[in-house]
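Descriptive structure summary
Take a look at the letters that make up each chain.
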Amino acid sequence: MGTDTRPSETVVDLAIEGMTCASCANRIERKLNKLDGVSASVNFATEKAHVTAPAGTDAAVLIDTVEQAGYAAHVPAAPGGDELHEPDGRTHEPADALRRRLLVSTALTVPVIAVAMIPALQFDYWQWLSLTLAAPVVVWGALPFHRAAWTNLQHGAATMDTLVSIGVLAAFGWSVYALFWGAAGVTGMTHPFTFTVERMDGTSAIYLEAAAGVTTFILAGRYFEAKSKRRAGAALRALLELGARDATVLRDGIETLVPIGDLTVGDEFVVRPGEKIATDGVVVSGQSAVDASMLTGEAVPVEVRTGDPVTGATVNAGGRLVVRATRVGADTQLAQMSRLVEDAQAGKAEAQRLADRISGVFVPIVIAIAVGSLGFWLGAGQAASMALTAAVSVLIIACPCALGLATPTALLVGTGRGAQLGILIKGPEALEHTRSVDTVVLDKTGTVTTGVMTLQAVHAAADASSDELLAVAAALEAASEHPIARAVVRSATAPLSGVDDFVAVPGLGVRGTVDGRAVTVGRPRLLDDDAMPLPAGLRAAFDEAQHRGQTPIAVGWDGAARGVLVVSDEVKATSREAISRLRDLGLRPVMLTGDNEPAARFVAAQVGIDEVIAGVLPAQKAEAVRALQAQGNAVAMVGDGVNDAAALATADLGIALGTGTDAAIEAADLTLVSGDLRTAADAIRLSRRTLRTIKANLFWAFAYNVAALPLAAAGLLNPMLAGAAMALSSVFVVSNSLRLRSFRPQKGY
């Protein structure tokens with residue numbers, strides 16, 4: 001579970017510039033964490049630092065610390081702003097500079113590699129042409145690596161850029177030495193492209209193809225990495241860009257087009273068919289269907305009318321609406337969703353923290369191995385060129401970029417895909433909890449049921465019809481604001497008559513005159529007081545409804561009981577299927593409710609839940625969850641109300657319905673925007689799949705380095721191939737993460 005920020009703390013998010021690898025992120029993180037009271041997490045994939053610091057800490061202090069480490073930082077714009085766009089309106093693409101550098105380097109490197117690999121192409125003085133072509137690649141193409149290595153050196157640190165820079169310069173420097181002062185520059189010099197250890201004259205070999213090839217392959221890896229990271233975060237950017245840019249506000253009866261930022265709470269604005277709803281609000285007039293698929297994942301438009309709430313960024317698919325703004329700016333549901341997704345992507349799984357610690361000490365160890373390899377092969381009597389090959393290969397192959405990308409890219413894609421489907425994942429801790437959960441506790445009202453009272457049955461006496469009974473009762477109840485009265489009124493189909501002499505009797509019911517008849521609606525006791533006792537048939541219907549946990553009300557007029565209306569909270573149409581899907585995931589469902597036992601059992605039987613914990617006060621729900629945990633269960637809690645917040649926070653995995661209260665959503669690890677309980681199973685499936693992807697990424701990234709280092713140290717790996725393999729390992733990790741974009745919810749929606 002994520003921990004809430006205490007009042008004595010403040011949270012600062014920083015955008016970091018200049019990071020080129022996971023060890024850069026690790027280094028910045030260590031620098032920030034050395035500050036008193038500061039806890040920082042730096043994410044290489046999102047290029048952001050999430051910092052928790054003592055209250056009152058100036059962001060400038062944090063920025064200065066990052067700059068002292070050799071990087072740049074600034075406080076990013078608020079989510080949903082225009083930070084995604086350049087002044088000319090084009091979307092910022094950080095991969096553009098890399099792309100230009102890659103294309104030029106590739107054009108220069110291809111002939112260098114071709115002539116080095118194919119002896120038939122090695123004409124007189126070919127080595128000097130190779131030097132001419134390779135020099136710009138090594139100097140300009142690899143400039144980002146050299147610049148970063150120099151910056152790190154000034155701060156007494158070494159990163160993966162240090163490895164690349166040393167490796168490329170070593171291969172290039174040896175080649176220059178061999179050409180100018182050795183035997184490699186003579187006319188007619190040739191040498192084959194080899195993969196194995198062999199004795200040879202060190203001064204007659206050049207490694208220009210390795211220097212240029214390594215640079216180009218690593219540039220290619222960085223470019224595709226940057227492109228993939230942008231694709232991975234596309235869902236969040238799409239979410240941020242969903243909102244409307246303008247709103248047609250009604251002021252003094254005149255429609256005025258204003259920027260969305262000028263809207264204030266209480267403003268009334270017009271939404272025409274096909275337009276986006278500018279912000280969260282309540283319909284003042286009009287009736288329409290609203291397409292909320294971009295936020296909830298539900299394809300079917302929702303009918304709205306006067307008094308219904310609507311969400312900003314959803315699309316008006318039908319008639320003209322006038323909406324009163326209730327939340328604007330950072331308070332809207334869209335902005336809250338964006339923050340939740342960003343916070344999730346800033347987190348780190350426990351496995352990634354271990355990988356970060358490894359990468360933090362990996363670089364100096366690798367440099368030591370490279371120097372050791374060089375010294376060993378020279379001491380063993382091998383040619384200097386072979387010893388250099390081994391050392392350079394070690395430097396190149398060891399770059400643990402893939403380790404740094406393993407968790408962030410999977411989180412980016414997994415949480416982004418979840419946001420598209422209306423599933424908000426708060427962070428990697430939530431993913432890790434989904435693995436162990438074996439019991440799912442479900443609140444009843446508003447979660448398994450709609451939370452809205454509806455008329456379930458009408459039992460009329462022999463001297464009254466069902467239609468007449470409902471019409472008379474609804475006419476009287478129309479004067480009441482009680483939820484049971486609202487349920488009866490909503491069920492009436494005939495026009496309602498007027499009511500005179502209306503009187504509400506607290507706890508018992510209501511009385512009044514409808515069309516000249518003295519009508520009483522409420523408990524049997526109230527009808528007994530008016531000399532209208534329930535006959536045996538109606539009493540049986542009343543008792544049966546009570547036994548099932550429903551709410552029956554008696555109706556009588558003109559001195560006689562005329563019928564019984566049965567009202568209850570309706571089970572959601574999707575709940576039974578949702579419970580079945582949760583069972584398929586190996587979860588044991590348990591209903592937890594404050595309702596009485598019969599009512600809870602009646603609902604549980606309808607949806608296929610066998611275990612029920614009923615009659616629980618709101619404050620006792622968290623205790624009930626703890627009791628299940630004490631039995632050795634890993635518990636997921638699904639709820640939607642303020643009374644569920646403590647239980648959601650107590651559970652190993654809290655799942656809140658987005659249709660519920662803000663308190664429940666804040667306390668939960670996962671939020672289901674649509675309120676459809678079936679999405680809970682999809683949320684757990686997506687979380688588990690994302691976690692499996694993270695673990696697979698970490699395994700292959702680490703196994704790759706462990707397997708390749710001995711080969712490189714043994715001189716069995718050409719530096720150019722080492723560079724290609726290192727770049728491909730990062731591309732593999734990112735590509736594996738991108739497979740999460742194909743996640744689909746189960747059919748049946």
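Residues numbered from 1 in each chain as written. Predicted model: local features only at pLDDT ≥ 70, side-chain atom pairs only at ≥ 80, totals over all residues. Heavy atoms only, no water.

Per an unreviewed UniProt entry, the protein chain carries the name Cation-transporting P-type ATPase B and comes from Tsukamurella conjunctivitidis. The UniProt entry for the protein chain carries this comment under Sequence similarities (unreviewed entry): "Belongs to the cation transport ATPase (P-type) (TC 3.A.3) family. Type IB subfamily." (UniProt positions renumbered as here; feature names shortened; annotations may be inferred.)

In terms of regular secondary structure, the protein chain is built from 26 helices and 26 strands. Put simply, the protein chain has 749 residues, and 52% of those count as buried. For the protein chain, contacts bridging at least 24 residues in sequence account for 70% of all contacts bridging at least 6. (Helix = DSSP H or I, 4+ residues; strand = E, 2+ residues; numbered from the N terminus. Buried < 20%, exposed > 50% of the residue type's maximum accessible area, 1.4 Å probe, protein only. Contact = heavy atoms within 4.5 Å.)

Turning our attention to the side chain of arginine 417. Tracing the backbone shows arginine 417 in helix α13 (residues 401–420). No salt bridge forms around the buried arginine 417; measuring N to O, its nearest opposite-charge neighbour aspartate 682 is 9.6 Å away. Separated by 3.0 Å, the side chains of arginine 417 and glutamine 420 make a polar contact. From its side chain, arginine 417 meets the backbone oxygen of phenylalanine 743 in a polar contact 2.9 Å long. (Lys, Arg positive; Asp, Glu negative; His and termini not counted. Salt bridge = Lys/Arg side-chain N within 4 Å of Asp/Glu carboxyl O. Polar contact = N/O pair within 3.5 Å; in protein donor to acceptor, adjacent residues only side chain to side chain.)

For helix α25 (residues 678–713), built from 36 residues, the straight-helix expectation of 52 Å at 1.5 Å per residue is met to within 8% by its first-to-last C-alpha distance of 54 Å. Within two residues after α25, glycine 715 carries a phi angle of roughly 75°, on the positive side. (Expected span 1.5 Å × (residues − 1).)

To continue, consider the packing of helix α20 (residues 575–584) against helix α21 (residues 597–607). Interhelical geometry of α20 versus α21 gives an angle of 70° and a closest axis separation of 8 Å. It follows from the interaxial angle that α20 and α21 lie roughly perpendicular. Together, Ser575, Arg576 and Ile579 of α20 and Ala605, Gln606 and Val607 of α21 make up the contact between the two elements. Looking at the contact of α20 with α21, its residues break down into 3 nonpolar, 2 polar and 1 charged. (Axes fitted to C-alpha atoms, helices over the stretch in contact; angles between N-to-C directions. Parallel < 35°, antiparallel > 145°, perpendicular 65-115°, else oblique. Nonpolar A, V, L, I, M, F, W, Y, C, P; charged D, E, K, R; others polar.)

For the rest of this paragraph, the subject is the pattern of salt bridges. Under the defined criterion, the tally for this structure stands at 18 salt bridges. We note a salt bridge from glutamate 255 to arginine 320, for which the minimum N-O separation is 3.0 Å. Note that glutamate 255 is positioned in strand β6 (residues 254–259) and arginine 320 in the loop between β12 (315–316) and β13 (321–327), a separation of 65 residues in sequence. The partner of aspartate 676 in a salt bridge is arginine 678, with the nearest N and O atoms 3.0 Å apart. With respect to burial, aspartate 676 and arginine 678 carry one shared label: buried. Connected via shared salt-bridge partners are Glu255, Arg272, Glu275 and Arg320.

Let us look at the UniProt feature "transmembrane region" (unreviewed entry) in the protein chain. Using the residue numbers shown here, the UniProt feature "transmembrane region" (unreviewed entry) corresponds to residues 102–119, 125–143, 163–184, 204–224, 358–380, 386–413, 696–714 and 720–738. The straight-line gap between the two end C-alpha atoms of residues 102–119 is 26 Å; of that span, 89% is helix and 0% is strand. Taken as a whole, residues 163–184 contains 86% helix and 0% strand, while its terminal C-alpha atoms sit 26 Å from one another.

Here the focus is the sheet that holds strand β9 (residues 288–291). Spatial strand order, β10-β9-β12: 3 strands in an open sheet with antiparallel pairing. At either margin of the open sheet sits one strand with a lone partner, and together these are β10 (302–304) and β12. Where β9 meets β10, 3 bridges bridge the pair, whose relative direction is antiparallel. Paired with alanine 289 across the two strands is glutamate 303, which belongs to β10. (Pairing = 2+ DSSP bridges.)

Sheet topology places strand β1 (residues 9–17) next to strand β3 (residues 48–54); 7 bridges connect them, and they run antiparallel. Looking across to β3, one finds that valine 11 is bridged to threonine 52. Pairing analysis gives 5 bridges linking strand β2 (residues 39–43) to β3, with the strands arranged antiparallel. When the sheet's bridge partners are listed, serine 41 is paired in β3 with histidine 50.

A few words on the sheet that holds β2. Read from one edge to the other, the open sheet built from 4 strands follows the order β2-β3-β1-β4, with strand pairing classed as antiparallel. Here the strands that pair on one side only, and so sit at the sheet edges, are β2 and β4 (72–74). Between one strand axis and the next, the sheet turns through 25° on average, direction left out of account. Where helix α2 (residues 59–68) meets the sheet, it contacts β1, β3 and β4, and its direction lies at approximately 40° from that of β1.

Here we take up the packing of helix α16 (residues 466–477) against helix α17 (residues 483–491). Packing of α16 against α17 leaves a shortest axis separation of 8 Å and a crossing angle of 130°. Put simply, α16 runs oblique to α17. Here α16 runs over α17; the crossing is left-handed. Along the contact surface, α16 presents Leu470, Ala473, Ala474 and Glu477, while α17 presents Ala485, Arg486, Val488, Val489 and Ser491. Of the residues in the contact of α16 with α17, the class split is 6 nonpolar, 1 polar and 2 charged. (Left-handed = near helix turned anticlockwise from the far one by under 90°.)

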